[in-house]
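An overview of the molecular structure
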Amino acid sequence: MNSNESILFLKSFLQSPKHVGSVIPSSRFLASKMVKQVSWLEAKAVAELGSGTGPITRYIHQQVHDSTKVLLFEMNETMRNTLKTTYPEFSCYADAARLVESMNQEGIQQLDYIFSGLPFFNFEPELRNTLVDQIYKALKPGGLFIAFQYSLQMKKTLSEHFIIEKIEFVPLNIPSAFVYVCRKKETI
């Protein structure tokens, strides 16, 4: 992470604290913990929601195969444009609440994995529910949703749609975070 990324992230937080969950980007410890949950040889299509300045995207980029489709979602236009420039082989979109529609545009039926850095509990309940519904619809049966949160407040909501396989605490992040590894339930 360079100082320009930190400054951009801080500015974004100050402009829209409900949509940016932290004052600094995720740590390499958090990004690594999330990306290690994936069987990359099997990944045909993945998405990252709330890509920000790309700390998790960097780790995805290091692991992903050329044939794997990657969709990035970032509402901040400046950050999204930086992601497009840095990762031209990945598709970038503004609105994670339109995940399924974006997949259709890319010819993707289902995603194997979805990563998320979205601050779900900061959102209005309607948006939060829309996002969880989109994630559920987008994942293939048995697909993984890997998200970090700064609290355990989303545990109940996520458990309604997913089997929470584990929650790992990552103290070497500011603020400390919880990584949820959730498998799509066959029926809800």
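Points about the pattern of salt bridges
Under the definition given, this model contains eight salt bridges. The partner of Asp112 in a salt bridge is Lys140, and the shortest N-O contact between them spans 2.9 Å. Taken together, the positions of Asp112 in strand E4 (residues 111-116) and Lys140 in strand E5 (residues 139-149) put the pair 28 residues apart, joining distant regions of the chain. The exposure class assigned to Asp112 is buried, which follows from its relative accessible area of 7%.

Describing the pairing of strand E2 (residues 69-73)
Burial analysis of E2 places four of its five residues in the buried class, the great majority of the element. Bridging between strand E1 (residues 45-49) and E2 involves five bridges; their strand directions are parallel. Counterpart to Ala45 in the pairing with E2 is Lys69. In this region the chain leaves E1, passes through helix H3 (residues 55-63) and returns to the parallel neighbour E2; the handedness of that crossover is right-handed. Pairing geometry for E2 and strand E3 (residues 91-93), over three bridges, is parallel. The partner of Leu72 across the bridge, within E3, is Cys92.

Some thoughts on the pairing of E5
The buried fraction of E5 amounts to nine of the eleven residues, a majority that puts the element mostly inside the structure. Note: E4 against E5, five bridges, orientation parallel. Paired with Phe115 across the strands is Ile146, a residue of E5. Crossover E4 to E5 through helix H6 (residues 125-138) is right-handed. Where E5 meets strand E7 (residues 177-184), six bridges bridge the pair, whose relative direction is antiparallel. Bridge assignment links Ile146 to a residue of E7, and that residue is Val181.

Parameters at a glance
- Residues numbered from 1 in each chain as written.
- Predicted model: local features only at pLDDT ≥ 70, side-chain atom pairs only at ≥ 80, totals over all residues.
- Heavy atoms only, no water.
- Salt bridge = Lys/Arg side-chain N within 4 Å of Asp/Glu carboxyl O.
- Helix = DSSP H or I, 4+ residues; strand = E, 2+ residues; numbered from the N terminus.
- Buried < 20%, exposed > 50% of the residue type's maximum accessible area, 1.4 Å probe, protein only.
- Pairing = 2+ DSSP bridges.
- Right-handed = clockwise from strand over helix to strand, strands pointing away.

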